[in-house]
Amino acid sequence: MEPSLTSQIKEAQTTLETIQEISRLLNTGLSPEALTVCVRLCEVGVNPEVLSSLVRDFQREVKEYQRPKNARNTGNQN
Amino acid sequence: MNNGKIAAAETQDNSTVPELIVKLCKYLAQDSEDLVSELTSRAFKMLAQVSNLEVLMPSDEPYIVNKLRQHLKYNPSNLEQFDLLYSSLAQSDIIQNRVALLSFFYNLTESCSLGPLSKIPSQESISVKQIFHKRLTSSTATASSVLRASSQATTISWSHNDITPSSKSSIASHSSITEHELLEDVFYSLQGIDGKFLRKEPGGLGYTLEPRALKSISAVQRTLVDRITGMSFLHNQLKQYCTENEKQINGAICQAFIATLQSELTEYYKTIGILRANSSNMTLRRVLVALQEPRIRFEWLAYIAEQCNNKKGGALITAVHGFLQHGSKSAMAVSEQMLKAVCKPLYRMLARWLLDGEINDPCNEFLIEVKHGIPAARLWDSKYEVRKAMVPSFISMEQAKIILAAGKSINFLTHICEDTGELPGREILHKLFNNTSTEALFKPEQSIEFHSTLEGIYKETSFRVLDLLRNKFKLYEHLQSLRRYLLLGQGDFIRHLLELLTPELNKSASEIHYHTLSAILESAISNTNAQFEDEDTLKRLNISFMKHSIGDKGWDIFSLVYIVDGPIGTIFQSTLPIYQSLFGALWKAKRTEYVLANIRSQQLSMRKEFRKIRELKAVMHGNHILTSKMIHFLHQTQYYFLFEVLECSWDEMLHRVDKAECLDNIITAHLSFLASVKKGVLLDESSRQLFSFLISVYNFVITLEAHQQTIYKAASQENQSYLDYRAKAENTMAFKLTTKDEEEAKIRVAKFRQFLKSMKLEVSTTAQAFEDIVTQFLKLLASSSNIKLQLLSVRLNFNNFYKLF
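Bear in mind the structure is a predicted one, so any value in this text is a computation, not a measurement.

Draft legend 1. Quick peek at the overall build of chain B. Counting secondary structure elements, chain B contains 34 helices and six strands. Surface exposure of chain B reaches about 40700 Å², of which carbon and sulfur atoms provide 54%.

Draft legend 2. Representation of the environment of Y594(B). Residue and element names in this part refer to chain B. Mapping Y594 onto the fold places it in helix α29 (residues 576-609). In this structure the C-alpha to C-alpha distance between Y594 and L498, which are 96 residues apart in sequence, comes to 8.1 Å. Residues within four places of Y594 in sequence aside, it is in contact with R495, L498, E499 and T502.

Draft legend 3. Representation of unusual backbone geometry. Residues and elements named next belong to chain B. Residues other than glycine seldom take positive phi values, yet K474 does so here, at roughly 55°. Assignment of secondary structure puts K474 in the loop between α22 (444-472) and α23 (475-486). Positive phi outside glycine occurs at L488, with the angle close to 60°. With respect to the element layout, L488 can be found in the loop between α23 and α24 (491-505). Take L488: its relative accessible area is 9%, and that puts it in the buried class.

Draft legend 4. View of the packing of helix α16 (residues 313-321) of chain B against helix α17 (residues 329-356) of chain B. Residues and elements named next belong to chain B. Where α16 contacts α17, the two axes come as close as 9 Å, and the packing angle between them is 160°. It follows that α16 is roughly antiparallel to α17 by the angle criterion. For the pair α16 and α17, the sense of crossing is left-handed. Between α16 and α17, the residues in contact are L316, I317, V320 and H321 and S335, M338, L339, V342, C343 and L346, respectively. Of the residues contributing to the contact of α16 with α17, the split by class is eight nonpolar, two polar and no charged.

Draft legend 5. Expanded view of the environment of L24(B). By the element assignment, L24(B) lies in helix α2 (residues 17-28). For L24(B), a relative accessible area of 0% gives the class buried. With 19 residues separating them along the chain, L24(B) and A43(B) place their C-alpha atoms 9.9 Å apart. If we ignore the near neighbours within four places in the chain, the residues touching L24(B) are A34(A), V37(A), C38(A), L41(A), L51(A) and V55(A).

Draft legend 6. Representation of the pattern of salt bridges within the structure. Under the definition given, this model contains 20 salt bridges over all chains. A salt bridge links E21(A) to R24(A); the nearest nitrogen and oxygen atoms lie 2.7 Å apart. Of this pair, E21(A) and R24(A) both sit in helix α1 (residues 3-26), three residues apart, which is roughly one turn of that helix. In this structure, R483(B) and E647(B) form a salt bridge, with 2.2 Å as the shortest nitrogen-oxygen distance. Residue R483(B) is found in helix α23, and its partner E647(B) is found in helix α30 (residues 614-659); the two are separated by 164 residues along the sequence.

Draft legend 7. Main features of the nonpolar core. Judged by nonpolar contacts, the single largest core of 186 residues is most densely connected at L190(B), F257(B), L367(B), F493(B), W587(B) and F777(B). Excluding residues within four positions of it along the chain, F493(B) makes contact with Y485(B), L521(B), A524(B), I525(B), T528(B), A530(B), L541(B) and L560(B). Residues V39(A), V17(B), I21(B) and A29(B) belong to the second largest nonpolar core, which totals 48 residues.

Draft legend 8. Quick peek at the packing of aromatic side chains. Residues and elements named next belong to chain B. Applying the stated rule across the entire model yields 26 aromatic pairs over all chains. With centroids separated by 5.5 Å and ring planes inclined at 15°, the aromatic side chains of F583 and W587 adopt a geometry described as stacked. Taken as a pair, F583 and W587 lie in helix α29 at a separation of four residues, close to a single helical turn. Using a relative accessible area of 1% as the deciding quantity, one classes F583 as buried. By way of ring pairs, the aromatic residues W555, F558, F583 and W587 are connected into one cluster.

Calculation criteria
- Residues numbered from 1 in each chain as written.
- Chains lettered and ligands numbered in written order.
- Predicted model: local features only at pLDDT ≥ 70, side-chain atom pairs only at ≥ 80, totals over all residues.
- Heavy atoms only, no water.
- Helix = DSSP H or I, 4+ residues; strand = E, 2+ residues; numbered from the N terminus.
- Areas by Shrake-Rupley, 256 points an atom, 1.4 Å probe, with all protein chains shown as cover.
- Contact = heavy atoms within 4.5 Å.
- Buried < 20%, exposed > 50% of the residue type's maximum accessible area, 1.4 Å probe, protein only.
- Axes fitted to C-alpha atoms, helices over the stretch in contact; angles between N-to-C directions.
- Parallel < 35°, antiparallel > 145°, perpendicular 65-115°, else oblique.
- Left-handed = near helix turned anticlockwise from the far one by under 90°.
- Nonpolar A, V, L, I, M, F, W, Y, C, P; charged D, E, K, R; others polar.
- Salt bridge = Lys/Arg side-chain N within 4 Å of Asp/Glu carboxyl O.
- Core = buried A, V, L, I, M, F, W, Y, C linked by side-chain atoms within 4.5 Å.
- Phe/Tyr/Trp six-rings, centres within 6.5 Å; stacked < 30°, edge-to-face > 60°.

Here is the structure:
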């Protein structure tokens, strides 16, 4: 690998870490993988507002989907 | 950590947007397979509804960062950390669309804090519509370069970089108003439209912020908005002025004024349009600065418009012209532009008037007024007038009069003289109007040239008018004829006419017939030098009767007239009544003179005829003396009238007519001639009493004639009787006369003597009365301020014959 590319990757890595840290501070609840995809989508030019609403929407739905399952599980344990 | 690996993989990965979406869904669903497929399908459904193409500007970055910091402000350590992270992010150039990323974070956190359940349905419905923008397929590099270019550019960029209020408001929180929202409202208000926060004052023209909005903006913003909305006020004021005055029909000059205002408004709308197009770069301050220049213009325009309110035509131009001398440079510029526009209609009217003598002025705004329904003969003196209120301030009254006379001359030439020849100086005038613009009217250095050219052309036109009047229409000949016949200049003719008319005019007025008199006039002409007169002149000479009442003699109603028509009528028509009254006065004097001459000749013949009647001598002596006195009086007054008054005035008039430069000069010369003659023959207002004395004197002459006539009749009867008596005595031899005859003769002689006695008394009474009147007349003359009349008094009172004092 060329040194320039290596340094570039390194820089990208630190940047990504920074972004993850911001995400954590802001309590977004996104996993690093999901966040990376979101960053890339933003870079490509997807409307951030739409993207954010989409993400938020899905997070909520996943939560709702998992809740009854968990409740069932606890019930079974009881 | 596997983050490094992921990042490395992601940077090299060139997966497309759909692939990325699938990946995202997978991560979000946390590997539960059924959820992944469902979410993915829904995500694509949402993305498929792509409609709005929105782009965030890099300039929004500080704004969003600020919002994020606000979100974190309750935890100072987190805030510190965020600042640190952000600065490192800002230094790196890996993330090219930093704004989008930050916006993504912001939107995510914002809705989370609101609580997911309450807000989500509505948020979803808005967001779904606005998903991906058009740069889905284009490379990020070009997109960001475009953005950077547009952010650096201060010039206009129309196209897709616009931010609509809806997208901005969705970013904004409800508690505070962003500058962009405010800007949007400001732009609305600048065009006279109500905005979200800026509303029109009820019943006013200005704008006020809603109380709700007032709280959520800073004091600086409020001041800026207040200053900018000052412009909105001016805009509304001008617009209102335009719409109000547009409806009224105030003439072309007013229309020009409104049109100029409207074009200024259009220019302003253009400026606003450019500012709005650039609104992404705009701040309230920039708007304020950008509007500085139009605002000054508008201020002056509004001020000028206020001054011009309810004015039209020349008055409006005068109002605008007042600003041309203003010390303020911008006021001068604005008013000059306005003046140019409003002078255009005036200039056109002026050109039309000066070239063709036509006026098309339905709204009475031109400085020349044309009166309709005026007969052609009065064209010169009363058809056209200077409309004083409409004379612009840069045209002096003398210049206005020249303009009036120039156009009037054209009308006179074409309509009255029916002169079809080319008018002089037309080409110069055409050239003048083609080469100069409206500025020639009000710019001092140009207007001098304009007016001097105008004056030159006016002189040429006037000369043409005079030339026509003198040569074609025989002005001098007409003046001569009027003097000869109406002012009794042609002595032999008048004398002859008087002789012929006397028997007719002695009749009472009702018995006089026009045809008899006109036959007499004809014969008087053919028997005197008048027959060599120009035929045209003789045709114009006629007789007329005034209205008579019971007891009037022919003398009272008879008058000679001279018919004038055509171009010369312009000069003479209005003066005919004066000629009439002058003729009356002079004719009376002439007649009295004639009567006196008859009295004198009768006296001479009576002396021979009645030599035998001794008793007659005493009576006739009185008569004789009285007649002499009268003759002296008449001769002196006639001499005064004819030579000192008429001849002198006439000579003066001829002199002035010769030197006349325009028709007006001739008219004034003629009028002043008539005025001085009128004054000279004691017909004017101040000599009324003198004239009435004069008439009494004339009446005494007529009385004396009647007396003498009576005496003559009685004397010739007596003479006849005496001769009869003597003849009888001679025929019947001496002593054959009967006593009866002698008795009769004695009674007759006694009667005759008695008659003579009474006559003598009558004549002496008349003489006494005459003397009284003359004395009063002379006293009045002597006390007159006119030196000529004083001299007349001296001449009449030769050797102090009448004891005045």
